[in-house]
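A look at the structure
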Amino acid sequence: MKKIDLRSDTVSWPTPQMREAMATAEVGDDVYGDDPTVNKLQALAAEMTGKEAGLFVTSGTQGNQVALAAHCGRGEEAIVGFDSHIFNYEAGGAGVMSSITMLPLQTDSIGRLDPDQIKKFIRPDDPHRPVSRLICAENSSGGNYGAALPIDYFVELRKIADDNGLSVHLDGARVFNATTALGIDIKEIAQYVDSISICLSKGLCAPAGSVVVGSKEIIYKANRARKMLGGGMRQAGILAAAGILSLTDMTQRLDVDQKNAKRLAEGLAQLPYIDIDPEKCYTNMVFFGLTEDAPLNETEITHRLKNEFDILMGGTYGAGFRAVTHYWIDEEKVDRTLSALKTILN
Ligand SMILES: Cc1ncc(COP(=O)(O)O)c(C=O)c1O
């Protein structure tokens, strides 16, 4: 990858080892459960998270949607963060496809729901109300600087869920970035949630796919929802072969992405007209803005980065820049980005 693409970790290409594994993968018809490589990936994900079963799905969105459909019936409700991916960026899928209502609640500065608010909004048994069924969390929290939510939050969610007969789903699109930042094993968080959707194609570099883990019963239901959503992929072992390397190898190197993100955040803090708090760089995401006296606006800077330096950076819907580090961004590329911005802003 010659250009510097910081728009997201989803832009990361598969590694040469992944391409090799994909080319030689044993395959079968996964809708019949016959693909040995998919089966291996699913078993590995289940084993790593301490869950009974796993299900390979096409994307992070599909992972969340099949989990929601597995947990909730028609007219049942999921409590979600107002800034969560599930609530904002999945095209209203839970309502459209599974007749699930979503109750969005405020989150704090790192993406946690307030436990008292959750308890307050769990519905009483009343025919006027939807039936509360699920609490969703997101870790790392994309809407909150990619912050890593600590274990005690999950302990608290588990208790509320158990006290009220609810389940907990974790949108763990970047859960390994979070566990790397927290210095813990994924099992430590997984034990407190009923299902996790883990993206293989973000910081973990696979070309496509996510894996959902949970109990055998939840995965059985999720498999039915996957078929309904058109996610039965036949010889999907070609993709799963890359996903296996995502889990075994790529999860082990996310500290590098985190160091590079920190290097970028600290370098940005030294530049004129950049508004950033480098302390708010928690995992592999860097968010920053411009000071009021900046000579150029966001769009002008983004265009100049692209046209003059071959550097791509994401916007945050008019609220600043987002730069995400990944396997194909090394220290040298971080430094080149800083020097390009310095040239543009001087
Ligand atoms: C937190 C979170 N969850 C889910 C998704 C959905 O993943 P996909 O784009 O693979 O559908 C994303 C995508 O960026 C995400 O950031």
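Residues numbered from 1 in each chain as written. Predicted model: local features only at pLDDT ≥ 70, side-chain atom pairs only at ≥ 80, totals over all residues.

**What about the environment of Arg-263?**
This is how it is decided: In this description a helix means any DSSP run of H or I spanning at least four residues, a strand means any run of E spanning at least two, and both kinds are numbered starting from the N terminus.
Within the fold, Arg-263 resides in helix H12 (residues 254–269). For the pair Arg-263 and Gly-315, spaced 52 residues apart in sequence, the C-alpha separation works out to 20 Å.

**Thoughts on the domain arrangement of the protein chain**
It is common to report an interface's size as the accessible area lost on association of the parts. As a reminder of what qualifies: Domain start and end points were adopted from an automatic or database domain assignment. Here contacts are defined at the residue level, using C-beta atoms placed from the backbone and a cut-off of 7 Å between them. Asp, Glu, Lys and Arg are counted as charged, while Ala, Val, Leu, Ile, Met, Phe, Trp, Tyr, Cys and Pro are counted as nonpolar; the rest, among them Gly, fall into the polar class.
Looking at the assigned domains, one finds that the protein chain contains domain 1 (4–9 + 253–345) and domain 2 (14–251). Between the C-alpha centres of domain 1 and domain 2 the distance comes to 29 Å. Domain 1 puts 14 residues into the contact, and the matching count from domain 2 is 17 residues. Looking at the side of domain 1 that touches domain 2, the elements that each hand over two or more residues are H12 and strand S10 (285–290). A per-element tally of the side of domain 1 that touches domain 2 places H12 first, with four residues. Here the residues of the side of domain 1 that touches domain 2 are counted per class, giving five nonpolar, four polar and five charged.

**Some words on the packing of helix H1 (residues 16–23) against helix H11 (residues 237–248)**
Rules: Axis angles are defined between N-to-C directions and span 0 to 180 degrees, where every axis is a line fitted to C-alpha atoms and, for a helix, only to the segment in contact. These descriptions rest on fixed angle ranges, namely under 35 degrees for roughly parallel, over 145 for roughly antiparallel, 65 to 115 for roughly perpendicular, and the rest for oblique. Whether a crossing is left-handed or right-handed is set by the direction in which the near helix is turned from the far one by less than a right angle, anticlockwise for left-handed and clockwise for right-handed.
The contact between H1 and H11 brings their axes to 8 Å, and the two run at 140°. Considering the angle they form, H1 stands oblique to H11. When the axes of H1 and H11 are compared, the crossing they make is right-handed. Facing Gln-17, Met-18, Ala-21 and Met-22 of H1, the residues of H11 in contact are Ile-238, Ala-241, Ala-242 and Leu-245. Along the lines of polarity and charge, the residues of the contact of H1 with H11 split into seven nonpolar, one polar and no charged.

**Overview of the site of the ligand**
For the record, the criterion: In this analysis a residue is considered near a molecule or strand if the C-beta atom, reconstructed from its backbone, is found within 6 Å of that molecule or strand.
Thr-10, Ser-59, Gly-60, Thr-61, Asn-64, His-85, Glu-138, Gly-142, Asp-171, Ala-173 and Cys-199 make up every residue found near the ligand. Per-element tally for the shell around the ligand: the top contributor is helix H3 (residues 60–71), with three residues. Across the shell around the ligand, the residue classes break down as two nonpolar, seven polar and two charged.

**Overview of the sheet that holds strand S6 (residues 167–172)**
The line we're drawing: Two strands are said to pair when DSSP picks up at least two bridges between them.
If you walk across this open sheet you meet the seven strands as S2-S8-S7-S6-S5-S3-S4, and the pairing is mixed. For this open sheet the edge positions go to strand S2 (53–57) and strand S4 (101–105), each flanked by a neighbour on one side alone. Shown here is a sheet whose adjacent strand axes are inclined to one another by a mean of 20°, direction ignored. As paired elements, strand S5 (residues 131–138) and S6 share five bridges and run parallel to each other. Considered in S6, the bridge of Cys-136 is made with His-169. The strands that helix H10 (residues 216–228) touches are S2, strand S7 (195–199) and strand S8 (210–214); relative to S2, the one it contacts most, it runs at about 20°.

**Quick notes on the nonpolar core**
The line we're drawing: Take the buried Ala, Val, Leu, Ile, Met, Phe, Trp, Tyr and Cys residues, join any whose C-beta atoms are within 7 Å, and the set you get is a nonpolar core. The burial criterion counts other C-beta atoms lying within 10 Å of a residue's C-beta, which is placed from the backbone; the residue is buried at 20 or more, exposed at 12 or fewer, and partly exposed between these limits.
Ranked by internal contacts, the top residues of the largest apolar core, which has 101 residues, are Ala-78, Ile-135, Val-211, Val-212, Ala-222 and Val-286. Per element, the largest residue contribution to this core is eight residues, and it comes from H11. Two domains each donate at least three residues to this core, and these are domain 1 (4–9 + 253–345) and domain 2 (14–251). When sequence neighbours within four positions are dropped, the list of residues in contact with Ala-222 reads Leu-55, Val-66, Ala-67, Ala-70 and Val-212.

**Some remarks on H1**
For the record, the criterion: In this description, one arc is meant: the one made by directions from the helix axis to the C-beta atoms.
Those residues of H1 not exposed but buried are Met-18, Ala-21 and Met-22. The arc that holds every buried residue of H1, seen down its axis, measures 100°, which confines them to one face. In H1, the exposed positions that point more than 90 degrees away from the buried face belong to Pro-16 and Ala-23. Those residues of H1 hidden inside the fold are in contact with H11.

**Brief notes about the packing of H3 against H10**
Put simply, H3 and H10 touch, their axes get as near as 8 Å, and they point 120° apart. Considering their axes alone, H3 and H10 lie oblique with respect to each other. The two elements H3 and H10 cross, and the hand of that crossing is right-handed. Residues Gln-62, Val-66, Ala-67, Ala-69, Ala-70 and His-71 of H3 pack against Ile-218, Lys-221, Ala-222, Ala-225 and Arg-226 of H10. The residue inventory of the contact of H3 with H10, partitioned by class, reads seven nonpolar, two polar and two charged.

**Points about H12**
Defined as follows: One fewer than the residue count of a helix, multiplied by 1.5 Å, yields its expected span.
Across its 16 residues, H12 extends 23 Å between first and last C-alpha, which sits within 8% of the 22 Å expected from 1.5 Å per residue. Of the residues making up H12, those classed as buried are Leu-254, Asp-257, Gln-258, Asn-260, Ala-261, Leu-264, Ala-265, Gly-267 and Leu-268. Among the structural elements, helix H8 (175–182), strand S9 (274–275), S10, strand S13 (321–324) and helix H14 (331–345) are those in contact with the buried residues of H12.

**What to know about the environment of Ala-45**
Residue placement: Ala-45 occurs in helix H2 (residues 36–49). A count of 26 C-beta atoms within 10 Å places Ala-45 in the buried class. Through-space distance from the C-alpha of Ala-45 to that of Arg-123 is 34 Å; in sequence the pair is 78 residues apart. Excluding anything up to four places from it in sequence, Ala-45 contacts Gly-54, Ile-198, Val-211, Val-213 and Leu-247.

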